[in-house]
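Report on the structure
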Amino acid sequence: MKIQDTLTAIFQEKFGRPAAFLARAPGRVNLLGEHVDYNDGFVLPAAIDRATYIAFAPSDSGLTTLWAADFDKQAAFSPETLPAKTQPDGSPLPDWARYPAGIMWALGEAGLETPGMDAVFASDVPRGSGLSSSASVEMAFGVAWQQLGGWALAPMELAKLGQRAENQYVGVNCGIMDQFASACGVENRLLLLDCRSLEWETLALPEGVSIVVADTTVRRKLTSGEYNQRRASCEEAVRRLQASLPDIRSLRDVSVAGFNRLAGSLPAEIEKRARHVVEEIERTRQAISLLQAGDASRFGNLMNECHASLRDLYEVSCPELDVMVEIAQSLSGCYGARLTGAGFGGCTVNLVAQEYAEAFANALAAGYKSKTGLHPEIYICKASAGAGLL
Ligand code: ADP
Ligand code: MG
């Protein structure tokens, strides 16, 4: 049974009346532009055909009552209980309810109406795998409150409020890419976001390709410390380069040629980190014309180069990610493979000729299992539309 149908059936059972609306918001995967968002660079994500769905209707009180079908758990809150992050009975909001409560809070802060709703929701975006299940929950509830509140926001504005919810209410320091891709996704297209200006456009995904996501199932701790160190290295690189290039504000402003001229003046580790960023931003620039020409093969090469750079220069890979990428790159039909997301575990993203996708997924899973003893999850995805009502 489709998730939507299950949700409307559960809604009827829980609330004793039919749901009035269905909302959907997808997860996302980033194809190119890794660790460049905080350097004012470009990212190239796609919304995927895995999403959070909500069956909902206005409640006749100010109260919002949610049923999380994936957990068989209920939670309730209202604008009055939001600041304390509690339910009306005084108990703390469970972690999962902080995402919908957070978007209600951020919408309220922006002066938008958030009437009470009854809702049942579930998702086929895997949780905590780096496909942004959290942003898909936020954007699905954003769209639901847009419907009940009777206002309309541009998708990017909704995305910004989702980011605010996650940063300030949930307390996770994420960039804008996840909510952006979930809100602004377009079927069969990649999204190109300029992380400095937040201007964006879409580019056609080359004909006849599938996006295959492979979860190593490895999750390293320590990630946030490593992440902060990488950010600090980039900032230090900018400070040092400013001695010769006083006009630069971030590594986005440094060309590859300019960087090569000055690289010798940087400490070795700072040079490696900054080189990844400068070259990765250049790769995303090259990707634009390759995608405009529909060149899957050369775009895939950029993905391969990105992985090598994340492994050798930015040093955010791990043995399992390297194994997954190495096997993928050896298989028929694979244009490109790389780790995606922050690194140290999580997923790889692969661009694969559609007719090979199924065989590729099977061979990748088998190869990874025999080399690591781990059972990977593999998802064959399509670039899909962003958040909206169904
Ligand atoms: P991800 O990379 O998937 O975004 P996060 O740790 O940022 O990982 O977010 C995962 C959290 O989002 C879950 O622990 C849960 O609190 C919430 N969440 C995601 N999907 C669901 C769902 N289907 N139902 C309830 N909560 C969800
Ligand atoms: Mg998340």
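Structure report, in brief. Just so you know, the residues in each chain are numbered from 1, in the order the chain's sequence is written. The lettering of chains begins at A and the numbering of ligands begins at 1, in the order of writing. Only residues with pLDDT of at least 70 are given local features in this predicted model, and only at 80 or more are side-chain atom pairs given and counted; all residues enter the totals for whole chains, interfaces and linings. Here the side-chain values reflect all heavy atoms present in the structure, with hydrogen atoms and water set aside.

Things to note about the pairing of strand E1 (residues 21–30)
- Think of it in three bands: residues with accessible area under 20% of the maximum for their type are buried, residues over 50% are exposed, and the middle band is partly exposed, with areas taken using a 1.4 Å probe on protein chains only. Helix and strand assignments follow DSSP, with helices taken as H or I runs no shorter than four residues and strands as E runs no shorter than two, numbered in order from the N terminus. Counting buried positions along E1 yields nine of 10 residues, so the element is predominantly enclosed.
- In this scheme, strands are said to pair when DSSP sees at least two bridges between them. Judged from the nine bridges that link them, E1 and strand E3 (residues 45–58) form a sheet pairing that is antiparallel. Bridge pairing in E3 links asparagine 30 to proline 45.

Structural notes on the packing of aromatic side chains
- Two rings belonging to Phe, Tyr or Trp (six-membered ring only in the last case) form a pair when the distance between their centres is within 6.5 Å. Interplanar angles under 30 degrees mark stacking, angles over 60 mark edge-to-face geometry, and anything in between is tilted. For the structure on display, the rule yields eight aromatic pairs.
- Both rings, one in phenylalanine 21 and one in phenylalanine 56, keep their centres 5.3 Å apart while their planes meet at 35°; by these two values the pair is tilted. Here phenylalanine 56 lies in strand E3 and phenylalanine 21 lies in strand E1, a separation of 35 residues in the sequence.
- We classify phenylalanine 21 as partly exposed; its relative accessible area is 27%.
- Ring centres 5.4 Å apart and planes at 75° place the aromatic pair phenylalanine 180 and tryptophan 200 in the edge-to-face group. Of this pair, phenylalanine 180 sits in helix H5 (residues 177–184) while tryptophan 200 sits in strand E8 (residues 200–204); the two residues are 20 residues apart in sequence, bridging distant segments of the chain.
- An aromatic cluster is built from Trp96, Phe121, Phe141 and Trp145, whose rings are joined through pairwise contacts.
- Here, a charge over a ring means that NZ of Lys or CZ of Arg falls within 6 Å of the ring centre while also lying within 35 degrees of the ring normal. Note that lysine 14 overlies the ring of tryptophan 67, its terminal NZ or CZ placed 3.7 Å from the centroid.

What is shown is where atoms sit, not what they do.
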